[in-house]
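Understanding the architecture of this molecule
As a plain string of letters, each chain reads:
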Amino acid sequence: MGDLFLVRHGETEWSRSGRHTGRTDVPLTERGRDEARRLVPLIRSHRIGAAFVSPLQRARETAELIGIPDARVDADLCEWDYGGYEGVTTPEIQRRRPGWFLFTDGVAPGPPDRPGESPEQVGERADRMLAKADAAFANTEGVVVLIAHGHFLRVLTARRLGLSPRHGALFQLATGALCRLGTEHGRPVVAGWNIRPPE
């Protein structure tokens, strides 16, 4: 098990306004593009053994801007399917459901094309993605990079550390940030979190 680099895509209009952005395919803002470009020196300082990217354009553009245009597209890296909460902010949801919290309460059902996912379902996707990353480690040297989305990467981090999906709540993750999951004495650890070069 080698170092796993997690990259959250740069800012979008929806992330800036706090709208839950699951499967809606919104582009990066210019600030989001700048956030991605600032990660280039951090990425280039390591040998990349394999890279995977969400199919959504905000992640794919981030991959290109950080210098990994050939990252393998994998649907398991998509953001949480927010179902009926797609495009809605947390304060708006909490006006209808006081005390609502994504990582414990999940989402309201949505239309057939985005029915919504429970924390456990997101955790299952994260486990599949971690298995693919581990397979890549077995066949290559260097770090494995995953370019994806905030809530999904938080759940994936929890699962890597042996925690339940709801413990993804413990790992705040900014747009345009790099995180590093490594090992210490053979056990998974957080080796660097929310790394963002200065503007």
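Quick summary incoming for the structure in this document. Residue numbers here run from 1 along each chain, matching the order of that chain's written sequence. With pLDDT at 70 or above as the cut-off, local features in this predicted model cover only qualifying residues; side-chain atom pairs require 80 or more to be listed or tallied, and sums for whole chains, interfaces and linings still use all residues. The basis for every side-chain value is the complete set of heavy atoms in the structure, and neither hydrogens nor water enter the calculation.

1. What about the packing of aromatic side chains?
- Each Phe, Tyr or Trp ring (for Trp, its six-membered ring) is paired with any other whose centre lies within 6.5 Å, and the angle between the two planes then decides the class: stacked below 30 degrees, edge-to-face above 60, tilted in between. All chains considered together, the criterion is met by five aromatic pairs.
- Measuring from centroid to centroid gives 5.8 Å for F101 and F103, while their planes differ by 50°, and the two rings are tilted.
- We call a residue buried when its accessible area falls under 20% of the maximum for its residue type, exposed when it is over 50%, and partly exposed in between, using a 1.4 Å probe and counting protein chains only. Taking relative accessible area as the criterion, F101 reaches 40% and is therefore assigned partly exposed.
- Linked through ring pairs, W80, Y82, F101 and F103 together constitute an aromatic cluster.
- Remark: a charge is flagged as sitting over a ring if the NZ atom of Lys or the CZ atom of Arg is within 6 Å of the ring centre and within 35 degrees of the ring normal. Lying over the aromatic face of W14, R19 brings its terminal NZ or CZ to 3.8 Å of the ring centre.

2. Things to note about the layout of surface pockets
- Points on a 1 Å grid, built from protein atoms alone, make a cavity when a 1.4 Å probe fits but cannot get out and make a pocket when they are open with protein on both sides within 12 Å along at least 5 of 7 lines; residues with an atom within 4 Å of a point are the lining residues. Grid points are joined across faces, edges and corners, and a volume is the space filled by probe spheres set on the points. Considering only enclosed or pocket space, the largest pocket measures out at about 500 Å³ in volume.
- With three residues, helix α8 (residues 150-160) is the single largest residue contributor to the lining of the largest pocket. Going along the chain from the N terminus, every DSSP run of H or I of four or more residues is numbered as a helix, and every run of E of two or more is numbered as a strand.

3. Some thoughts on helix α2 (residues 30-38)
- Three or more residues of α2 are buried, namely G32, E35 and A36. One side of α2 carries all its buried residues, which in axial view fall inside an arc of 95°.
- Whether two residues are in contact is decided by their heavy atoms, any of which lying within 4.5 Å being enough. The inward-facing, buried residues of α2 contact α3 (40-44) and α4 (57-65). The directions considered for the arc run from the helix axis to the C-beta atoms.

4. Looking at the sheet that holds strand β4 (residues 143-148)
- Criterion used throughout: strands pair if DSSP finds at least two bridges between them. Taking strand neighbours across the sheet as the criterion, the six strands line up as β3-β2-β4-β1-β5-β6 in an open arrangement whose pairing is mixed. The open sheet terminates on both sides in strands that have one partner only, identified here as β3 (72-73) and β6 (187-195).
- As defined by bridge partners, strand β5 (residues 178-184) adjoins β6 across six bridges and the pair is classed as antiparallel. Its bridge partner being in β6, R180 is matched across the sheet by G192.
- Between N-to-C directions, angles span 0 to 180 degrees; the directions come from axes that are lines fitted to C-alpha atoms, helices contributing only their stretch in contact. Set on the sheet, α4 makes contact with β1 (4-8), β2 (48-53), β3 and β4; between it and β4 the angle comes to about 140°.
- Helix α7 (residues 119-139) rests against β1, β2 and β4 of the sheet, and its axis sits at about 150° to β4.

5. Topic: the pairing of β4
- Burial runs high along β4: six of the six residues are buried.
- Here β4 shows no split at all, with V143, V145 and I147 on one side and V144, L146 and A148 on the other all buried.
- Of the pairings in the sheet, the one linking β1 to β4 comprises five bridges and is parallel in character. Bridge pairing in β4 links L4 to V144.
- Where β2 lies against β4, five bridges are found, and the strand directions are parallel. In the sheet register, A51 faces β4, and the bridge partner there is V145.

6. A short note on the nonpolar core
- Residues belong to a common nonpolar core when they are buried Ala, Val, Leu, Ile, Met, Phe, Trp, Tyr or Cys residues joined through side-chain atoms within 4.5 Å. Counting 33 residues, the largest nonpolar core has L4, V144, L146, F152 and L156 as the members making the most contacts within it.
- When residues of this core are traced back to their parent elements, those giving at least two are β1, β2, α6 (102-105), α7, β4, α8 and β5.
- Those residues in contact with L146 that lie beyond four places of it in its chain are L4, F5, L6, V7, F52, L77, M129 and L156.
- Formed by 16 residues, the second largest nonpolar core is a distinct cluster that contains V7, A59, I66 and I147.

7. Considerations on the packing of α7 against α8
- Following both chains from N to C, one finds α7 and α8 inclined at 70°, their axes separated by 9 Å at the closest point. Taken together, α7 and α8 sit at an angle that is classed as roughly perpendicular. Between α7 and α8 lies a crossing of right-handed hand. In contact with V122, G123, R125, A126, D127, M129, L130, D134 and F137 of α7, α8 contributes F152, V155, L156, R159 and R160.
- Partitioned by chemical class, the residues of the contact of α7 with α8 number eight nonpolar, one polar and five charged. Roughly parallel refers to an angle under 35 degrees, roughly antiparallel to one over 145, roughly perpendicular to one between 65 and 115, and oblique to any angle outside these ranges. When the near helix sits turned anticlockwise from the far one by under a right angle, the crossing is termed left-handed; a clockwise turn instead gives a right-handed crossing. Gly is placed with the polar residues, together with every amino acid not listed as nonpolar (Ala, Val, Leu, Ile, Met, Phe, Trp, Tyr, Cys and Pro) or charged (Asp, Glu, Lys and Arg).

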